[in-house]
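# Per-entry structural report
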Amino acid sequence: MGAGPGDAELLTLKAYRLLQEADVVLFDWLVDESVLALIPRQVNKEFVGKRSGKHSMPQHEITQRMVYLAQQGKCVVRLKGGDPAVFARTVEETDALTAANIPFAIVPGITTASGASAYTGIPLTERECAQGVRLITAHQKNADAEPNWSLIAHSLQNETVVFYMGLKKLPMICNALQAHGVPLTLPCAVVDRACCPEQKLITGTVSSIPDQALHADLQGPALLIFGHGVWKKQ
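Notes on the structure follow. In this text, all values refer to a predicted model and were calculated from it rather than measured experimentally. (Residues numbered from 1 in each chain as written. Predicted model: local features only at pLDDT ≥ 70, side-chain atom pairs only at ≥ 80, totals over all residues. Heavy atoms only, no water.)

### A few points about the overall build of the protein chain
In terms of regular secondary structure, the protein chain is built from eight helices and ten strands. Since a compact globule built from 234 residues should have a radius of gyration of about 17 Å, the 19 Å found for the protein chain is in line with a globular shape. Across its three principal axes, the protein chain shows a C-alpha extent of roughly 55 × 35 × 35 Å. By the burial criterion, 48% of the 234 residues in the protein chain qualify as buried. Considering only residue pairs separated by 6 or more positions, the protein chain has 68% of its internal contacts joining residues 24 or more positions apart. Here the protein chain contributes 21 positively and 22 negatively charged side chains, and the mean placements of these two sets differ by 2 Å. (Helix = DSSP H or I, 4+ residues; strand = E, 2+ residues; numbered from the N terminus. Rg over C-alpha atoms; globule rule 2.2 N^0.38 Å. Buried < 20%, exposed > 50% of the residue type's maximum accessible area, 1.4 Å probe, protein only. Contact = heavy atoms within 4.5 Å. Lys, Arg positive; Asp, Glu negative; His and termini not counted. Charge placed at Lys NZ, Arg CZ, Asp CG, Glu CD.)

Set out below in structure tokens:
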């Protein structure tokens, strides 16, 4: 189930109903406190969050826990920030449930890119300058792997590119884009704690944004938005 990007009022009606009916909720660190506050007291809540460099529970143990609880006859909600199908390891978990013959449903949520766009006014697509949008994770399964920087740099001519979980890699991302021909003046933004009361927005250029972010006391999670649509909000 997707908890959305922060604000509890962005939950779907279906997600809210199922939270009321659950026996157990396994939730990630990206799930906002306002969403957790909607879960009834009698529902058991278990934190299984993963954060860069701080893993409370390995993925395989989370999957095993889901299967175990379901086999005990529990109604289990696996609550993830944003949308469960966008960088949330949904396939790994649903494959395990399928192998164990456990019925399940996937409940979508508003992904962080959409929420950040709405709460900042930065369009993800704009007919004058952004005919498409790319969602990219800043953390590859193989830590040494890198995205296709040449392809990304080329796409920025007429698309918006959004990096999830990229705050710590912001300088590297900006350097890589510049090395592959992206102009120093390309607009970009960092949205910290999107759709939460603590949300912060920083706008700048590929050349200026790393230093701006360094002095902005950002806490994460943060979304990085690159493209000419960033200026359209102003």
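Next comes the rest of the description.
### Describing the nonpolar core
Counting residues in hydrophobic clusters, the biggest one holds 26 residues, and the most contacted among them are Ile152, Leu156, Phe163, Leu170, Ile173, Leu177 and Phe226. When contributions to this core are tallied by element, the ones reaching two or more residues are helix H6 (149-155), strand E7 (159-164), helix H7 (170-179), strand E8 (187-192), helix H8 (209-214) and strand E10 (222-226). Broken down by element, the residue count for this core peaks at five residues, all from H7. Ignoring sequence-local partners within four residues, the contact set of Leu156 consists of Val161, Leu177, Val182, Leu186, Phe226, Gly227 and His228. In this structure, Ala3, Leu19, Val43 and Val107 belong to the second largest nonpolar core, which totals 17 residues. (Core = buried A, V, L, I, M, F, W, Y, C linked by side-chain atoms within 4.5 Å.)

### Examining the pattern of salt bridges
Across all of its chains, the model carries eight salt bridges by this definition. With its nearest N and O atoms 2.8 Å apart, the salt bridge here joins Arg65 to Glu46. With a gap of 19 residues between them, Arg65 in helix H3 (residues 59-71) and Glu46 in strand E2 (residues 44-47) connect regions that are remote in the sequence. Judged by its relative accessible area of 15%, Glu46 falls in the buried class. One connected set of salt bridges, linked through shared partners, spans Asp28, Arg78, Lys80 and Glu93. (Salt bridge = Lys/Arg side-chain N within 4 Å of Asp/Glu carboxyl O.)

### Quick word on the side chain of Ser117
On the secondary structure map, Ser117 appears in helix H5 (residues 112-120). For Ser117, a relative accessible area of 15% translates into the label buried.

### Some remarks on the sheet that holds strand E5 (residues 76-79)
Read from one edge of the open sheet, three strands run E2-E1-E5, paired in parallel fashion. The open sheet is flanked by E2 and E5, the only strands paired with a single partner. Ignoring strand direction, the axes of neighbouring strands in this sheet form an average angle of 20 degrees. For strand E1 (residues 24-27) and E5, the ladder comprises four bridges, and the chain directions are parallel. (Pairing = 2+ DSSP bridges. Axes fitted to C-alpha atoms, helices over the stretch in contact; angles between N-to-C directions.)

### Comments concerning helix H4 (residues 90-99)
Along H4, the residues that are buried comprise Thr90, Glu93, Thr94 and Leu97. For H4, the buried positions fall inside an angular range of 95 degrees around the axis, keeping them on one side. Those residues of H4 that are exposed and aimed more than 90 degrees away from the buried face are Val91 and Ala99. Summarising the contacts, the buried residues of H4 are in contact with H3 and E5. Positive phi appears at Asn101, one or two residues downstream of H4, with a value of about 55 degrees. (Arc of directions from axis to C-beta.)

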